[in-house]
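Descriptive structure summary
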Amino acid sequence: MCGISGILNLKNPAQIDANNLRRMTYALSHRGPDETGAYVDDWIGLAQSRLSIIDLSSGSQPIHNEDKSIWIVFNGEIFNYPEIRESLVKLGHRFYTTSDTEVIIHLYEEKKEKCLDDLNGQFAFAIWDSHKKELFAARDRVGILPLFYKINQDRFYFASEAKAIIEISDSQTSFDPIGLDQIFTFWTTLPGKTAFSGISELAPGHFIKFSAGKNLSVNRYWSLSYSKELVQNDKSIPQFASEISELMKDSIRIRLRADVPVGSYLSGGLDSSGITAVVKNNFNNQLRTFGITFQEESFDESDFQNLMVKHLDTNHSEVHATNEDIGKYFSNIVYYGEKPIIRAAPVPLFLLSKKVREEGYKVVLTGEGADEIFGGYNIFRETKVRKFWSVDPESKFRPKLLKKLYPYIFKDNRLAQTLQAFFKLGIDEPNNPFFSHVVRWNNNTKLKNFFSEDFSKQIGGYNCYDELKSLLPEDFDDWDYVYKAQYLEIITFMSGYLLSSQGDRMAMANSVELRVPYLDHRIIEYMATVPSRFKIRGLNEKYLLKKVFKDLLPKEIVNRPKNPYRAPIRNSFFNNKSFDLHSVLSEKEINEAGVFNPAKVKLLIQKAERSQSLSELDNMAIAGIISTQFLQNHFVNYKKLNVPAEYSFNTFIDKRNQIN
Amino acid sequence: MNASVNYLETIKQFIVDNFLFGDGKSLVKETPLFEKGIIDSTGVLELVAFIEDNFKITISDDELVQDNFSSLNAIDRFLKSKNDKAASQ
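Residues numbered from 1 in each chain as written. Chains lettered and ligands numbered in written order. Predicted model: local features only at pLDDT ≥ 70, side-chain atom pairs only at ≥ 80, totals over all residues.

Notes on the overall build of chain A
The test is simple: Secondary structure is summarised from DSSP: a helix means a run of H or I of at least four residues, a strand means a run of E of at least two, and numbering begins at the N terminus for each. To sort residues by exposure, count the other C-beta atoms lying within 10 Å of each residue's C-beta; 20 or more gives buried, 12 or fewer gives exposed, and values between give partly exposed, all with C-beta atoms placed from the backbone. We call two residues in contact whenever the C-beta atoms placed from their backbones are within 7 Å.
Secondary structure assignment for chain A yields 31 helices and 18 strands. Counting only C-alpha atoms, chain A reaches 80 × 60 × 50 Å along its principal axes. Counting over 660 residues, chain A shows a buried share of 51%. Put simply, of all contacts in chain A between residues at least 6 apart along the chain, 74% involve residues at least 24 apart.

Section: the overall build of chain B
Where we set the bar: Note that the radius of gyration is over C-alpha atoms, with the globule rule given as 2.2 Å times the number of residues to the power 0.38.
Counting its secondary structure elements, chain B contains 3 helices and 0 strands. Each helix and strand of chain B, placed in order from N terminus to C terminus, yields the pattern α-α-α. The C-alpha atoms of chain B give a radius of gyration of 13 Å, which matches the 12 Å a tight globule of 89 residues would have. C-alpha extents for chain B along the principal axes are approximately 40 × 25 × 20 Å. The burial tally for chain B puts 21% of its 89 residues in the buried class. In chain B, the share of contacts with a sequence separation of at least 24, taken over all contacts with a separation of at least 6, comes to 56%.

Some thoughts on the sheet that holds strand 1 (residues 2-9) of chain A
All names here are of chain A. Here is the rule we go by: Between any two strands, pairing holds if DSSP finds at least two bridges.
Pairing is mixed across the open sheet formed by 7 strands, whose spatial order is 10-8-9-1-3-2-18. Single-partner strands in this sheet number two, and they are strand 10 (200-201) and strand 18 (651-654). Sheet analysis places strand 1 next to strand 9 (residues 155-159), joined by 5 bridges and oriented antiparallel. In the sheet register, I7 faces strand 9, and the bridge partner there is Y157.

Re the packing of helix 6 (residues 177-186) of chain A against helix 18 (residues 438-445) of chain A
All names here are of chain A. To keep it simple, the criterion reads: Between the N-to-C directions of two axes lies an angle of 0 to 180 degrees, each axis being a line fitted to C-alpha atoms and, for a helix, fitted only over the stretch in contact. Comment on the angle field: the value is read as roughly parallel under 35 degrees, roughly antiparallel over 145, roughly perpendicular from 65 to 115, and oblique elsewhere. Residue polarity is assigned by list, with Asp, Glu, Lys and Arg as charged and Ala, Val, Leu, Ile, Met, Phe, Trp, Tyr, Cys and Pro as nonpolar; anything else, Gly included, falls into the polar class.
At their nearest, the axes of helix 6 and helix 18 sit 7 Å apart, and the two run at 125° to each other. With respect to each other, helix 6 and helix 18 are oriented oblique. Seen from helix 6, the contacting residues are F184, T185 and F186; seen from helix 18, they are W441, N444 and T445. Here the residues of the contact of helix 6 with helix 18 are counted per class, giving 3 nonpolar, 3 polar and no charged.

Notes on the interface of chain A and chain B
With 18 residues of chain A at the contact, the number on the chain B side is 16 residues. For the side of chain A that touches chain B, the secondary-structure elements that each account for two or more residues are helix 14 (378-390) and helix 15 (402-405) of chain A. Here the side of chain A that touches chain B is composed, by residue class, of 5 nonpolar, 4 polar and 9 charged.

Things to note about the confidence of the model for chain B
Quick reminder of the rule: Confidence scores per residue from the predictor, reported as pLDDT, run from 0 to 100.
For chain B, the average pLDDT comes to 87, and 93% of its residues sit at 70 or higher. What the predictor reports for the complex is a pTM of 0.94 with an ipTM of 0.83.

Quick word on unusual backbone geometry
Residues and elements named next belong to chain A. Here the bond from Q61 into P62 is cis, since omega is -5°, no more than 30 degrees from zero. Within the secondary structure, P62 sits in the loop between strand 3 (44-50) and strand 4 (63-64). Positive phi values are uncommon outside glycine, yet K112 reaches one of about 50°. Secondary-structure assignment places K112 in the loop between helix 3 (100-111) and helix 4 (115-118).

So, the pairing of strand 14 (residues 288-294) of chain A
Residues and elements named next belong to chain A. How we decide: Crossover handedness is defined by viewing with both strands directed away from the observer: a clockwise path from the first strand over the helix to the second marks the crossover as right-handed.
Of all 7 residues that make up strand 14, 5 are buried, and the element is covered over most of its length. Of the strand pairs in this sheet, strand 13 (residues 262-265) and strand 14 are connected by 2 bridges, and their pairing is parallel. Residue pairing across strands places S264 opposite T289, the latter belonging to strand 14. Here strand 14 pairs with strand 15 (residues 315-321) via 7 bridges, running parallel. Within the sheet, the bridge partner assigned to I292 lies in strand 15 and is V319. Once you follow strand 14 into helix 9 (residues 302-312) and on to strand 15, the crossover reads as right-handed.

Describing the sheet that holds strand 11 (residues 206-211) of chain A
Residues and elements named next belong to chain A. Spatially, 4-5-6-7-11-12 is the arrangement adopted by the 6 strands of the open sheet, whose pairing is antiparallel. Looking at which strands have only one partner, the edges of the open sheet turn out to be strand 4 and strand 12 (217-220). Across 5 bridges, the pairing between strand 7 (residues 134-139) and strand 11 is antiparallel. Note on strand 11: the bridge partner recorded for A137 is I208. Set on the sheet, helix 3 makes contact with strand 4, strand 5 (70-78), strand 6 (121-129) and strand 7; between it and strand 5 the angle comes to about 125°.

Brief notes about the nonpolar core
Heads up, the condition is: In this description, a nonpolar core means buried residues of the types Ala, Val, Leu, Ile, Met, Phe, Trp, Tyr and Cys, linked to one another by C-beta atoms lying within 7 Å.
Core analysis: the biggest nonpolar cluster contains 184 residues, and A:I72, A:I104, A:F125, A:A126, A:A137, A:V347 and A:V364 have the highest contact counts within it. The next biggest cluster of nonpolar side chains, apart from the first, holds 20 residues, and it includes A:V385, B:I15, B:L45 and B:F69.

This is the structure we're talking about:
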C-alpha cells in the first residue's frame, strides 16, 4: 500500500516543479513510510511513497515497462498477480521485479483499459505512456482505495488523499456546500464528490483517460448489477452455500499473498470470525489477531471476541477504547478521513491500526463488506418488514413485525405508537427507488437544521435525492427490493463511509493495509445470482453466510444477534479532560467556519450537558458538527507542512527536456 | 402458489431454522406452535412475511388469526383453502 500523487500538463509541455511532488509525497508519508520515488518529464510528474509488502527488495516505484516508455505509480494490491504474470510471460513480456505493480504495466500494454477486467484487487494507480503522451488512472471496483483529483487551469493534479492536493494549492480551500449537503443526508458524499470545492474523487469502478491534444475523460468500467436476469432460481440453498464457501476460501487464500506476515481483525462478529477461522484452519496455524474492547459496556463485544480467541487459539491483542481516547483522537481521525463524520466509530479503528503497527504488522484481513454483500444490516430487514407492511398500509397487524427488529424500543407501548409512525414514512410508495432508505435519510436530513442561514443559501435548491436517482442503473426499478436496498447501501455507505472513513483512512493513518476478502469482485458478482429470499431468510440476516460458517464457528457466534459496530458520542466529548469542547465549538469558531448556526449549536451543547441519554439524532449532530469544525481547522485554515530540507526521493527519474 | 412445490417442507424448515435454531426433531405436523411457545405474536408475523415472500401470495388481516397458524397442519389447510379460492376465482 502506498500514497501516490501526480501533476499533469493538460495543454502543453511545461516545467513540472519537482518540489511540489516532494511536498505532495511528504503529505502522504503515513501511507508509505518505507521509501519514495518519482518520475518527471515535461508533461507529467508521478510520485509515490511506499509501504513495502510484496517484493520488498526490487519493487521500488515508479516502475516501467521493457523500454522504459511507460511508467506507473501504484497504490494497492493485485491479488491474482502471479497468474496474470504467468500469462504475460508467455506472451513475451520481460519482468525486472517480482512485484504486482509491474504486472499492471505489462497488462496495460496488452489490453489498454481492458486490463482492469482482469485485475482482482484493491487499487488506485496512474500509468503514463511517455511516447503517446497518454495518462490512464483507475480505481478499484468498489472503492477500497482512494484517488482524488483537481483540475486547475491547464493542470491536472491527483493524489491518494486530498491533503496532498491542498498542500500545493495556491488558493485557500473551502467547503463544498453540495458535498456537505450530501454528507448530512447519506453520511458520505455521493460518488465523485468531496467535502471540498474543486476537489473531486474518482468514483469507484471508474478510470481517467487523457491523451495530449484531447480532453481528459472520466469513464466507468464496472458497475454492480442486481438485474433479475442474473438470479439463479433453480439452485438450492446447499448448492449456493457450498459454492460461496469455495469462493470465500479462494478469496482469502489470494489475500494472504504478501512478503510480510498477514494478521486479522477479530471483533467477535460473524464476519471477522468466519475469515479468521478459514485462515486458521486452512492457511496459517500461527495466526495473529487484533480486536477492540470498549469502556462502555453497551458497545463492548469482549465476550464474543474472547470466545473466538479461545475457539481458534489465536495470538490475540486488543485495544481498549475509552471515552477519553475517543474524544482525544477525534481531531486526528478527521485529519486522516478528510470528511465530516456523523459517528465516532472510526476512532477505535484508528487505535486498532496503531496497535497493529506497534506489534510489527502492516497487513490485516477484515470483515468489511459482508453485511452489504450478504445482507446483514438491519436496514435490509427493516426494508423487508416495511415492504410486508406496505402490502396493506392500514393493517393492524403488519406493522407489529417491527418489534422483531427493535424489541427493546417496542416494549414501551407509548413509544411503539410513535415509532410505528416513524417507520410508516413512504410506506404507501413501495416503488419509490429509495423505499428502503427513505426513513433513515429523512431522519438524517434533520441534521441540516443546524446549518447557518448563509450556508443553506449556498446549497440553495439543490436536491441530493435527484442526483442519486441520476446515478442509478437503467433497470433499477425492476430489481428486487432487497437488492435495491443493497445497491444503495453499497454505493453510498459502504464505498463512501465504511471503506473510507472507517476503512483505508483509519488503517493507513498508521501505515497499515486492510484487505477485505468479502469484497473480492467474484463474490460480489456471485451474490447477485442468489435469490434475495435466500440471503435474508425471513428476517434471518446473512443466512447463507451463516450456513457457510456453521461448522467452523461456535454456535453462539453463528446464532448471536447482530450488533451494529458503534462508539459512544456524547460521553466521548462531554466531561472529557482530553477534549476541549468549549473551544472547539466556541461561537467564534462556529462563525468563522460559517457552516452552522452558533445559537443552535449552543442549545445542543446545553441539552447534551443536561442529559446523558440523547437521541440518536442529537448524537449524530454532535459528531457531525465537531468533525466539520476540525475539518475547518485542518484544511480550510490549512497550514503548509514543514517539509524537512533533507527529505528527498529515494528514486528520482528525471526526463525533463528530453522528450519530443 | 405452485402445488408441485413442497411448500409445507419449506415452511417447516423455516420454523426449525428460525424459531427452534436447527433443533427440529420434535416438530411434527400436529405440534401446537403457540401452546408450545414456538411462535409468539411477532413470530407469526415473521412466518406470514416468509410465506408471502416465498410463495407470492398475500394474507389479509382477516386471515391473520391464530387458527390458521396454530400448527403445520393448520397452515397446510389454510394455504390449500386459500389456493382453492384463488383457483375458483
